[in-house]
Amino acid sequence: MFGSLQTLRSTPIPPRESARAAIKGYRDWPLRPCGERLTPASTYGIAGENYYAQTRNPPYWRRVEGAIDALLVREGVGERLSKVNARLAEAGVRLFLHDAWRPRVVQAYFHDVWMPAEVRRRHPDWDDASVMTEVERYWAAPSQSAERPAPHATGGAVDITLVWDDGRPLWMGSLFDDATSLAHTDRFEAETTERSFSDEEARNNRRLLYWAMAEQGFASLPNEWWHFSYGDQLWAKMTGAEFAIYGEATP
C-alpha cells in the first residue's frame, strides 16, 4: 500500500528527551533575516484550512478572534513542503495544513488566556509558575521583539497532518492541538506489553510524517507531532545551524 514509504512508517522516531532539552532558550539563538516573503501555501500545492478561523475545531468549537483564513509560509518553506508532497504522492497521501503564519493576537490569546485557564481547570492546586511551565510546553509566548519572535510569527513554522488524496485524514492518535502528553511526537514509540491497532497506526503515521518532513530539513517540535519548522530560531537551535534566517514576518 505504501510502497517505498513503508520504510518511513517502519523507522522509529528517535527518543525526544534530548530534543526537549535542546529547545530551551531557543529565542536567544542568532538571527540573520534573509528577506524572503510570506506567500500562500496554496501557491505550492499545499491544501489546508486555518484551524482557528473555523468553528468545527475541537477543543475550541469557535472561531478565535483575530484568526485569518489565509495560510502563509515563507517561500523556502513552501518549496520544501511541495517536495514533501511529491514524496508522499507515491502512496496517494498528501499534507494538510492547519496553521502557518499566526497573528500575534491569536498567539497571545492561547498563551495568556485559553491555555492557562484550561491548566487551572485541570490542576486547581497548581501555583502560577507551575501553570506557566505547562502552558509553555505547548504555547510559545507571543513575540515581544523582532529579535525573539514566536515560531509561528516567522512564517517558518507549520502545523500539519496527513490526509489521503481524497481528503480523508490518516489516524495520528490525537486531536490537533491536544495539549497533553498524548501529542508528544514519540508517544507511541515506547515498548509495551500490549498495543492496540489504533496505537500502532498512529505510531506508523507519525513516523511517516516525521521522516518525510525531516528529509526536507524540517525540525520537529518534540511535544507536538503536528508542529514542524524550518529557518526559525527553534529550527536553528535544534539542528545546530549557525543562525536562523526567518525573523518576525508581516503579511
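Refer to the preceding data block for the structure.
Residues numbered from 1 in each chain as written. Predicted model: local features only at pLDDT ≥ 70, side-chain atom pairs only at ≥ 80, totals over all residues. Heavy atoms only, no water.

Draft legend 1. Looking closely at the pairing of strand 4 (residues 93–99). For strand 4, the buried fraction is high: 5 of the 7 residues fall into the buried class. Two elements, strand 2 (residues 47–48) and strand 4, share 2 bridges in a ladder whose sense is parallel. Residue pairing for strand 4: Gly-48 is matched across the bridge by Leu-97. Sheet topology places strand 4 next to strand 5 (residues 157–164); 6 bridges connect them, and they run antiparallel. Note on strand 5: the bridge partner recorded for Val-93 is Trp-164. (Buried < 20%, exposed > 50% of the residue type's maximum accessible area, 1.4 Å probe, protein only. Helix = DSSP H or I, 4+ residues; strand = E, 2+ residues; numbered from the N terminus. Pairing = 2+ DSSP bridges.)

Draft legend 2. Examining the packing of helix 3 (residues 75–88) against helix 6 (residues 197–214) more closely. Where helix 3 contacts helix 6, the axes come no closer than 9 Å and their chain directions differ by 130 degrees. Relative to helix 6, the element helix 3 is oriented oblique. Considering only the axes of helix 3 and helix 6, their crossing is right-handed. Every residue of helix 6 that contacts helix 3 at Leu-81, Val-84 and Leu-88 is listed here: Leu-208, Ala-212 and Met-213. For the contact of helix 3 with helix 6, the class distribution of residues is 6 nonpolar, no polar and no charged. (Axes fitted to C-alpha atoms, helices over the stretch in contact; angles between N-to-C directions. Parallel < 35°, antiparallel > 145°, perpendicular 65-115°, else oblique. Left-handed = near helix turned anticlockwise from the far one by under 90°. Contact = heavy atoms within 4.5 Å. Nonpolar A, V, L, I, M, F, W, Y, C, P; charged D, E, K, R; others polar.)

Draft legend 3. Summary view of the sheet that holds strand 2. Ordered by their spatial adjacency, 5 strands build an open sheet running 2-4-5-7-6, and the pairing between neighbours is mixed. Every other strand in the sheet has two partners, leaving strand 2 and strand 6 (219–220) as the edge strands with one partner each. As defined by bridge partners, strand 6 adjoins strand 7 (residues 227–229) across 2 bridges and the pair is classed as antiparallel. Note that in strand 7 the partner of Ser-220 across the bridge is Phe-228. The strands that helix 3 touches are strand 4 and strand 5; relative to strand 4, the one it contacts most, it runs at about 145 degrees. Of the strands in this sheet, strand 4, strand 5, strand 6 and strand 7 touch helix 6, which is tilted by about 125 degrees from strand 5.

Draft legend 4. Structural view of the packing of aromatic side chains. If you walk through the whole model with that rule in mind, you get 18 aromatic pairs. A centroid spacing of 4.4 Å and a plane angle of 15 degrees characterise the contact between Phe-110 and Trp-139, whose relative ring orientation is stacked. In this pair, Phe-110 sits in helix 4 (residues 104–122) while Trp-139 sits in the loop between helix 5 (128–138) and strand 5, placing the two residues 29 residues apart along the sequence. Accessibility classification places Phe-110 together with Trp-139 in one group, the buried group. Ring-pair connections join several aromatic residues into one group, and the members of that group are Tyr-51, Tyr-52, Tyr-60, Tyr-109, Phe-110, Trp-114, Trp-139, Phe-176, Trp-225 and Trp-226. Positioned above the aromatic ring of Phe-2, the side-chain terminus of Arg-9 is 3.9 Å from the ring centre. (Phe/Tyr/Trp six-rings, centres within 6.5 Å; stacked < 30°, edge-to-face > 60°. Lys NZ or Arg CZ within 6 Å of the ring centre and 35° of its normal.)

Draft legend 5. A look at the packing of helix 4 against helix 5. Close contact between helix 4 and helix 5 brings their axes to 9 Å; oriented N to C, the two are set at 115 degrees. Between helix 4 and helix 5 lies a crossing of right-handed hand. Along its contact with helix 4, which presents His-111, Met-115, Pro-116, Val-119 and Arg-120, the element helix 5 presents Asp-128, Val-131, Met-132, Glu-134, Val-135, Glu-136 and Tyr-138. Looking at side-chain class alone, the contact of helix 4 with helix 5 contains 7 nonpolar, 1 polar and 4 charged residues.

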